[in-house]
Amino acid sequence: MDNKLDSAKMSLGREKYARHILLCADQTEPNCAPKEKGLESWEYLKRRLQELQLAGPEPLVYRSKVNCLRVCAHGPIAVVYPEGVWYHSCTPAVLELIIQEHLINGRVVEQYAFAVNARIRTTSD
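What you see is a predicted model, and the numbers here were worked out from it, not measured in a lab. (Residues numbered from 1 in each chain as written. Predicted model: local features only at pLDDT ≥ 70, side-chain atom pairs only at ≥ 80, totals over all residues. Heavy atoms only, no water.)

## Quick notes on the sheet that holds strand S5 (residues 113–116)
Selection criterion: Two strands pair if DSSP finds at least two bridges between them. Starting at the N terminus, helices and strands are each numbered in turn, a helix being any DSSP run of H or I of at least four residues and a strand any DSSP run of E of at least two. Orientation is described by axes fitted as lines to C-alpha atoms, over the contacting stretch for helices, and by angles from 0 to 180 degrees between their N-to-C directions. The contact criterion used is simple: two residues touch if any of their non-hydrogen atoms lie within 4.5 Å.
Read from one edge of the open sheet, five strands run S2-S1-S3-S4-S5, paired in mixed fashion. Looking at strand neighbours, the two that pair on one side only are strand S2 (61–66) and S5, the edges of this open sheet. Shown here is a sheet whose adjacent strand axes are inclined to one another by a mean of 20°, direction ignored. Bridge count for strand S4 (residues 85–87) against S5 is three bridges, and the pairing is antiparallel. Paired with Tyr87 across the bridge in S5 is Ala113. Helix-sheet contacts for helix H2 (residues 35–51) involve strand S1 (19–24) and S2, and the interaxial angle to S2 is about 165°. The sheet contacts of helix H3 (residues 92–104) involve S1, S2, strand S3 (78–81) and S4, and relative to S1 the element is tilted by about 160°.

Dropping the structure here:
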């Protein structure tokens, strides 16, 4: 394998994290929420994951800012993997619930989840 890929993999803890949250923020053409709301949520998510020591050199949670998740309503939108749970209205307050309940404790925040991978829904019922 390429040395640069190996180096990136090791430095970012790519093989160690348990969950990955992708947040729709900083869109080129914001549709689901004003750009400022998306950026505010992104900054909050970054800060809280660092404060809780969930991100960093030994991450439990990996985070990605994406331009668009193609759900152009009730944003900002987030999706958490490996479960494939999609969340709407991801303001800082909602993100705090997602962090505490889902990212840390593995429980879907039902009141904001609008889609859940069928495989996960079946195993948790």
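## A few points about the pattern of salt bridges
Just so we agree on the cut-off: Salt bridges are defined as contacts in which a side-chain nitrogen from Lys or Arg sits within 4 Å of a carboxyl oxygen from Asp or Glu. Here's how the labels work: a residue is buried when its accessible area is under 20% of the maximum for its type, exposed when over 50%, partly exposed in between, all with a 1.4 Å probe on protein chains only.
Following the criterion strictly, the structure yields eight salt bridges and no others. One salt bridge connects Glu96 with Arg48, and the closest N-O pair in it is separated by 2.8 Å. A residue pair is termed long-range when its members are at least 10 positions apart, and Glu96 in helix H3 and Arg48 in helix H2 qualify at 48 residues. For the pair shown, Glu96 and Arg48 are each scored as buried. The salt bridge involving Glu101 is made with Arg107; its shortest N-O contact spans 2.9 Å. Judged by relative accessible area, which is 44%, Arg107 ranks as partly exposed. Linked by salt bridges that have partners in common, Arg47, Arg48, Glu51 and Glu96 make up one network.

Worth remembering: the numbers are spatial, not functional.
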